[in-house]
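What follows is each chain in one-letter form.
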Amino acid sequence: MPRSARRVALLSTHSSPLALPGTTKAGGMNVYIRQLTRELAALGYTIDIFTRQDGVAPLEPVAIAPRVRLIALEAGPPEPLDSAAIQAVTPAFTAALLDYRRRSAQRYDLIHSHYWISGLTGVELAAAWRRPHLVMFHTLGAVKNRARRGESESEARIGAERAIVASADHFICATPHERDCLVDLYGAAPDSVTVVPGGVDLDRFRPGDRAAARARLGLGAGPFLLFVGRLEPLKGVDILLRAAAVADVDEPLRVLIAGGDERSSEERRRLEALADRLGIGDRVRFDAAVSHEALPDYYRAADLCVVPSYYESFGLVAVEALASGTPVVATAVGGLQYTVRDGQTGYLVPWRCPEPFAERIETLLANEDLRQRFGEAARRSVTAFQWPGVARRMSQVYEQLLDAREAGSAASTAMQATERNSSRRAVAARDGGRQRL
């Protein structure tokens, strides 16, 4: 079957791809789904993205790109919910999707689930439709618990992830580290996992005029550190603030934090109070989450982008910064170990404490030639993450799954035909024997 005849049901239950990255429950995965589906559609696939109606997604199906539709289904109250509440309404979401498919008489060739909550629905759809089920978890509960501060992921989530691993046909991981975790911690068969990295739009994220970007953002001169992402303890913003407070640099060091919304106001107040206690409150600026279109100016304006996370499955912010020619100082965890080249495009810090971050920041800010050399290498280092190439690799996985399913169906049909013929010959032989008698 040609790609132009393939239709994919892509599931993003807990977060609409149209949600603003950096707000609660919205981040790199939202960007990933939007960009990936656009490129897959350019290869010929038709894709319906199913999400839960949470007050963000449109009420009616809407085309978000040629051959790509976003369909929001009613399941629970039409408002943002936490993961536990979304899991509770997942059966309703699954029922709504099955009903939509019956009413529309739409046929789907493959199910592609994103995140564990979507995977629960994907398991049910795969059984009902007898279609291959591909899963990308993006983050894993057991891995987050190993790195996490404070609250931990629930046993319900980890149990659900294990059930999905036992049921789904294939898995996509963004890095070898994530693949190893899926195999070692969840028992996935190694040959059922394919590594396909995340992507970056190199046309959007590219080096530019720093002074002009700062002027557009209302920033002055002097060194700036940038953080982009959700405001939550796992992101380690407190490490950045403590590092900025102790860094020994020639000019006052300022910090620009871009991320968060009204639902992360408590975490923002905690970080603001910390900055005040450290004596740098007047040098820290908090901007709410910004659109993906506005982000390039933030990366261009910064001297360094700091990613002090306790865990990142891929590290999209780091990749976007590198594409913009901005060196990165990041924690040596998860996917960041593959996206940031230590000593070439930035520094990886193996300790989750502010002093080593401060040392790396001091080194780069004190040496403009080194910082420029890192920035030039940074852009080159991410060319392998261009979206068209990522989509082609994903398409290969799609086709392998579909070919295997079609071959299995053909073999099953042939076996059934053989069994029917054998049965007919047995009946004919029996009847012939009776006639002779």
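What you see is a predicted model, and the numbers here were worked out from it, not measured in a lab.

(A) Seen up close, the environment of A126. The residue A126 is located in helix α3 (residues 116-129) in this model. Sequence separation of A126 and S167 is 41 residues, and the distance between their C-alpha atoms is 9.3 Å. If we ignore the near neighbours within four places in the chain, the residues touching A126 are I111, R131 and H133.

(B) Spatial organisation of the sheet that holds strand β13 (residues 328-331). Pairing is parallel in the open sheet, where six strands are placed in the order β11-β10-β9-β12-β13-β14. Only two strands of the sheet have a single neighbouring strand rather than two, namely β11 (284-287) and β14 (346-349). Mean inter-strand twist for the sheet, computed between neighbouring axes without regard to direction, equals 20°. Note: strand β9 (residues 224-228) against strand β10 (residues 254-258), five bridges, orientation parallel. In the sheet register, F224 faces β10, and the bridge partner there is R254.

(C) Structural detail: the packing of α3 against helix α5 (residues 155-167). As a packed pair, α3 and α5 sit with axes 9 Å apart at the nearest point and diverge in direction by 45°. With respect to α5, the axis of α3 lies oblique. Two packed elements cross with a definite hand, and for α3 against α5 that hand is left-handed. Residue-level inspection shows W116, G119, L120 and V123 of α3 in contact with α5, the latter providing R157, A160, E161, I164 and S167.

(D) Geometry of the nonpolar core. F137, L182, L241, I257, Y299, V328 and M394 are the most contacted members of the largest nonpolar core, which has 126 residues in total. Sorting elements by how many residues they give to this core places helix α15 (residues 387-436) first, with eight residues. Aside from chain neighbours lying at most four places away, what touches I257 is F227, L231, V237, L241, V284, R285, F286 and D287.

(E) Molecular detail of the sheet that holds strand β1 (residues 7-11). Read from one edge of the open sheet, eight strands run β3-β4-β2-β1-β5-β6-β7-β8, paired in mixed fashion. Of all strands in the sheet, those with a lone pairing partner are β3 (62-65) and β8 (193-195), marking the two edges. Going across the sheet, the axis of each strand differs from the next one's by a mean of 25°, ignoring polarity. Examined bridge by bridge, strand β2 (residues 46-52) and strand β4 (residues 68-73) share six bridges and lie parallel to one another. Its bridge partner being in β4, I47 is matched across the sheet by V68. Contacting β1, β2 and β4, helix α2 (residues 83-104) crosses the sheet at an angle of about 140° to β2. In the packing of helix α6 (residues 176-186) onto the sheet, contacts are made with β7 (170-173) and β8, and the angle to β8 comes to roughly 165°.

(F) Representation of empty space enclosed by the protein within the structure. Tallied over the entire structure, the rule returns one cavity of 30 Å³ or more. The calculated volume of the largest cavity comes to roughly 30 Å³. Around the largest cavity, the lining residues are V31, Q35, G199, V200, D201, F205, H292, L316, E320 and W387. Counting only elements with at least two residues in the lining of the largest cavity, the list comes to α1 (28-42) and α11 (316-323). Of the residues belonging to the lining of the largest cavity, the class tally is five nonpolar, three polar and two charged.

(G) Expanded view of unusual backbone geometry. Even without being a glycine, Y115 presents a positive backbone phi close to 85°. With respect to the secondary-structure elements, Y115 resides in the loop between β5 (110-114) and α3. Residue classification places Y115 among the buried residues on the basis of a relative accessible area of 9%. Located in the positive-phi region is H138, a residue other than glycine, with phi close to 70°. Among the secondary structure elements, H138 is positioned in the loop between β6 (133-136) and α4 (141-147).

(H) Structural view of the packing of α2 against α3. One way to put it is that α2 packs onto α3 with a least axis distance of 9 Å and a crossing angle of 30°. Taken together, the axis directions place α2 and α3 in an arrangement best described as roughly parallel. The way α2 lies across α3 gives a crossing that is right-handed. Taking contact as the criterion, the partners of S83, I86, Q87, T90, F93, T94, L97, L98 and R101 in α2 are, on α3, W116, I117, L120, T121, E124, L125, A128 and W129. For the contact of α2 with α3, a count of residues per class yields ten nonpolar, five polar and two charged.

(I) Focus on the state of the cysteines. For the structure shown, the criterion picks out zero disulfides. Free of any disulfide, C181 has its nearest cysteine sulfur in C173, 8.6 Å distant.

(J) Main features of the packing of aromatic side chains. Using the criterion set out here, one finds ten aromatic pairs in the structure. For the pair Y45 and Y398, a centre-to-centre distance of 5.5 Å together with 90° between the ring planes defines the contact as edge-to-face. Note that Y45 is positioned in the loop between α1 and β2 and Y398 in helix α15, a separation of 353 residues in sequence. Pair check on accessibility: Y45 and Y398 agree, each one buried.

Conventions adopted
- Residues numbered from 1 in each chain as written.
- Predicted model: local features only at pLDDT ≥ 70, side-chain atom pairs only at ≥ 80, totals over all residues.
- Heavy atoms only, no water.
- Helix = DSSP H or I, 4+ residues; strand = E, 2+ residues; numbered from the N terminus.
- Contact = heavy atoms within 4.5 Å.
- Pairing = 2+ DSSP bridges.
- Axes fitted to C-alpha atoms, helices over the stretch in contact; angles between N-to-C directions.
- Parallel < 35°, antiparallel > 145°, perpendicular 65-115°, else oblique.
- Left-handed = near helix turned anticlockwise from the far one by under 90°.
- Core = buried A, V, L, I, M, F, W, Y, C linked by side-chain atoms within 4.5 Å.
- Buried < 20%, exposed > 50% of the residue type's maximum accessible area, 1.4 Å probe, protein only.
- 1 Å grid on protein atoms, 1.4 Å probe; cavity = no way out; pocket = protein on both sides within 12 Å on 5 of 7 lines; lining within 4 Å.
- Points joined across faces, edges and corners; volume = space filled by probe spheres on them.
- Nonpolar A, V, L, I, M, F, W, Y, C, P; charged D, E, K, R; others polar.
- Disulfide = S-S within 2.5 Å.
- Phe/Tyr/Trp six-rings, centres within 6.5 Å; stacked < 30°, edge-to-face > 60°.

Interpretation note: all reported values are geometric properties and have no functional meaning in isolation.
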